[in-house]
Amino acid sequence: SEYNFNFDIYNKSNGKLSLSGAKEYFEKAVAPLAPEGILLHLGEKDLDLLRTNPAAFDKYYEDLIAAVKDCNRNCRIALVSIDNPNHENNISIMNAHIRAIAQAEKASYVNLENAKLWNPQATKAACNFAYSMGLKTRKPLNDVAEILYSYAYHNLSGNTSEVLAG
């Protein structure tokens, strides 16, 4: 592959998915693939839920993470922030919840605010160099997310979240 990923990548994104249906969707569409790593980019459809019932927002996320761990207790999990180009307070609060859940669940947290700073071409060059030198270790999930989201930000038109969610 272009970035020398030594694992399969499946895009099982669903742009219309809310947290309340995420666990069921995971169990039907993703769990059968037995993923060794998963990027969870959810919440954009749940701003009202967070505002009216933040405990339920957190619980849906925690239940989804529990389902992922039940599928594969060694699965690497990364929670991805919601894109917030206009610095909206309600999205900042949501991202704070997502970050806290990631910390509590010992998952990675990927901040999309950094997508415009990441350099996919430099990352590609570094990956190719390391691969050519015989370094074929599994990339940290956070690095994988940075590569995918920065590539989308720099190379695809439209909202990065929507492009990757399909």
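Above: the structure in question.
Description of the structure in this document. Because the structure is predicted, anything quoted here is derived from the model rather than measured.

Those residues of helix 1 (residues 19–30) lying buried are Leu-19, Ala-22, Phe-26 and Val-30. With its buried residues spanning 35° around the axis, helix 1 presents them on a single face. For helix 1, the secondary structure elements touched by its buried residues are strand 1 (37–40) and helix 3 (54–71).

A few words now on the packing of helix 3 against helix 4 (residues 89–104). Taken N-terminus to C-terminus, the directions of helix 3 and helix 4 make an angle of 40°; their axes are 11 Å apart at the nearest point. With respect to helix 4, the element helix 3 is oriented oblique. When you trace helix 3 past helix 4, the crossing you get is right-handed. Residues Pro-54, Phe-57, Asp-58, Tyr-61, Glu-62 and Ile-65 of helix 3 touch helix 4, and the partners they reach there are Met-94, His-97, Ile-98 and Ile-101. Taken together, the residues that form the contact of helix 3 with helix 4 break down as seven nonpolar, one polar and two charged.

Conventions adopted
Residues numbered from 1 in each chain as written. Predicted model: local features only at pLDDT ≥ 70, side-chain atom pairs only at ≥ 80, totals over all residues. Heavy atoms only, no water. Buried < 20%, exposed > 50% of the residue type's maximum accessible area, 1.4 Å probe, protein only. Helix = DSSP H or I, 4+ residues; strand = E, 2+ residues; numbered from the N terminus. Arc of directions from axis to C-beta. Contact = heavy atoms within 4.5 Å. Axes fitted to C-alpha atoms, helices over the stretch in contact; angles between N-to-C directions. Parallel < 35°, antiparallel > 145°, perpendicular 65-115°, else oblique. Left-handed = near helix turned anticlockwise from the far one by under 90°. Nonpolar A, V, L, I, M, F, W, Y, C, P; charged D, E, K, R; others polar.

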